[in-house]
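What follows is each chain in one-letter form.
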Amino acid sequence: MTRTDVLVIGSGPAGLAAAFAASRSKKRVVILEKMDSPGMKLLASGGSRCNVTNVLETEDFARRFGKAWRFLLPALCDFSGESLLCFFEQNGVPLELTDGFHYFPRSGKARDVLELFLSRISSAGGKLFCGKKVVSVTPGHPCTVKCADGEEFSAKSLVLACGGRGYPALGGSMAGYTLAEKLGHSVTPLYPAMTGIICSDPAVGECAGISLDECIAEVVTKGREKPAARGELLFTRNGFSAFAILDLAGAIAAMLDKTPVVKLKLDLLPKLSSAELSEYFAACRKNCGTKHVSSCLSEFFPRRLAQMLVNGTDPEISRWKKADCDALLTRIKQGIWEISGVEKWEKAMVTAGGVSLKEVDSATLASSFHDNIFFAGEMLDITGPCGGFNITWALASGMLAGTSAGNSSAG
């Protein structure tokens, strides 16, 4: 049996940050990773560029996570914003503001983020074991961890940073949640998030590959809160994706658990108001003569999309009645699309759901049931939007969990 002070399960950004933080307190640290190499999801993030964080101040940043935002504050106050930027600068991986909002490594390489943590952990005496699938955790002082190959580890403190279910080819699985449940924790329902959605209308597939720079998507619900997002919209062979959709996928997946169809309202042309678009149609009816309706739309949309929007009826616009133009305007500005599913776990960048926050101390990220077991990253029921939110949370929560575990192992 290998004995250590702090044992971290998982080598994603949360696990790496936890191991780094624990190693700073001169503790013996071991990381167990079930894949053959560490940080595989991290290396794939942001198109292999790794959007580490963004410009938002701590409270504004936290509020983007929804109702659970206050839970994030202890971790984010210690490691986000300026402190996060300084950390990467001081450790040789400066971050660069690329578009006024998102920060990426100046090198453009996610691997630099991974190597930063691996080198610092190694230089502090930490050890990484790959190909170690954990099958059981026995709580106690110390905890005992058993791997599938029969090897056992003993640790004064344990950090569960096993990641979510998304991208199983890169290590996503139920393993961490299963371990948490066996330790007595409740795991909320898990849904694929930050992924594409499937539309019931087969006509959408005719526009596959078409991308609109800016759209507004809003989930139609009876409640006061109506999940909405603004950004790029991509038509796929069976639905929609890109930034206007990714942030809504988790909420849609949860709703589809209770109903076979979720209605999504799309504004495909937010740069024009309904009144301005109505005036444009009126001018076309008056001045464009034999020009077809789809041709009039070509000022705003690619031809295939314009033809799909006119729904097979594409006369000369001068022959169209105002009622026809109004119907088209509604389809463009307030079109309702029936969503019947979300893409499977193989394409989900994030997991919605996780270990119940009611059973974890936000100040230390310690289990309410075991004072020397801690959680970090996607293990917890916390999901942020696109734009560096989830990686920042993974790093900040890993830092807090690792620091807490290091302190706990001293006792």
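Further up the page is the structure itself.
Keep in mind it's a predicted model, so treat the numbers as computed, not measured.

What counts, and at which threshold
- Residues numbered from 1 in each chain as written.
- Predicted model: local features only at pLDDT ≥ 70, side-chain atom pairs only at ≥ 80, totals over all residues.
- Heavy atoms only, no water.
- Helix = DSSP H or I, 4+ residues; strand = E, 2+ residues; numbered from the N terminus.
- Buried < 20%, exposed > 50% of the residue type's maximum accessible area, 1.4 Å probe, protein only.
- Contact = heavy atoms within 4.5 Å.
- Areas by Shrake-Rupley, 256 points an atom, 1.4 Å probe, with all protein chains shown as cover.
- Lys, Arg positive; Asp, Glu negative; His and termini not counted.
- Charge placed at Lys NZ, Arg CZ, Asp CG, Glu CD.
- Polar contact = N/O pair within 3.5 Å; in protein donor to acceptor, adjacent residues only side chain to side chain.
- Pairing = 2+ DSSP bridges.
- Axes fitted to C-alpha atoms, helices over the stretch in contact; angles between N-to-C directions.
- Salt bridge = Lys/Arg side-chain N within 4 Å of Asp/Glu carboxyl O.
- Disulfide = S-S within 2.5 Å.

(A) Layout of the overall build of the protein chain. Scanning the protein chain from terminus to terminus reveals 14 helices and 18 strands. Oriented by its inertia axes, the alpha-carbon framework of the protein chain measures out at about 85 × 45 × 35 Å. Residues classed as buried in the protein chain amount to 52% of the 411 residues present. Considering only contacts within the protein chain whose residues lie at least 6 apart along the sequence, 73% involve residues at least 24 apart. A total accessible area of about 18,000 Å² is found for the protein chain, and carbon and sulfur atoms account for 50% of it. Charge separation in the protein chain, taken as the distance between the mean sites of 45 positive and 42 negative side-chain charges, equals 2 Å.

(B) Representation of the side chain of threonine 351 within the structure. Counting through the fold element by element, threonine 351 comes out in strand S17 (residues 350–352). Look at threonine 351 and you get buried, because its relative accessible area is 0%. Within the local environment of threonine 351, its side chain forms a polar contact with the backbone nitrogen of arginine 165, the two atoms lying 2.8 Å apart. Leaving out residues up to four positions away in the same chain, threonine 351 has contacts with Gly164, Arg165, Gly166, Tyr177, Leu190, Tyr191, Ala193, Trp345, Glu378 and Thr383.

(C) Molecular detail of the sheet that holds strand S12 (residues 211–219). Ordered in space as S11-S14-S13-S12-S15-S16, the 6 strands form a closed barrel in which the pairing is antiparallel. Strand after strand, the sheet turns through a mean of 50° between neighbouring axes, direction not considered. Relative to strand S14 (residues 239–241), strand S13 (residues 228–235) runs antiparallel, the two being bridged by 2 bridges. Each bridged residue has a counterpart across the sheet, and for leucine 234 the counterpart in S14 is serine 241. The strands touched by helix H9 (residues 249–256) are strand S11 (197–199), S12, strand S15 (262–267) and strand S16 (335–342); relative to S16, the strand with the most contacts, the crossing angle is about 75°.

(D) Molecular detail of the pairing of strand S7 (residues 134–138). Direction of pairing for S7 relative to strand S8 (residues 143–147): antiparallel, over a ladder of 4 bridges. Bridging across to S8, valine 137 finds its partner in valine 145.

(E) Representation of the sheet that holds strand S3 (residues 53–54) in the model. With respect to topology, 3 strands assemble into an open sheet ordered S3-S5-S4, the strand pairing being antiparallel. If you trace the sheet from one side to the other, it starts and ends with S3 and strand S4 (95–97), each paired once. Pairing analysis gives 2 bridges linking S3 to strand S5 (residues 102–105), with the strands arranged antiparallel. In the strand pairing of S5, threonine 53 is matched with tyrosine 103.

(F) The arrangement of the side chain of asparagine 390 in detail. Within the secondary structure, asparagine 390 sits in helix H14 (residues 389–409). Taking relative accessible area as the criterion, asparagine 390 reaches 18% and is therefore assigned buried. At a separation of 2.9 Å, a polar atom in the side chain of asparagine 390 contacts the main-chain amide nitrogen of glycine 384. Residues within four places of asparagine 390 in sequence aside, it is in contact with Phe65, Met194, Val350, Thr383, Gly384 and Pro385.

(G) Summary view of the pattern of salt bridges. By the definition in use, this model includes 11 salt bridges. Among the charged side chains, a network of salt bridges with common partners joins Asp5, Arg28 and Lys156.

(H) Inspection of the state of the cysteines at higher detail. Tallied over the full model, the rule gives 0 disulfides. We note that cysteine 86 lacks a disulfide partner, and the nearest cysteine sulfur, in cysteine 77, lies 16 Å from it. For cysteine 86, a relative accessible area of 32% translates into the label partly exposed. Residue cysteine 147 stays outside any disulfide, its sulfur separated by 11 Å from that of cysteine 162, the closest cysteine. On the accessibility criterion, cysteine 147 (2% relative accessible area) is buried.

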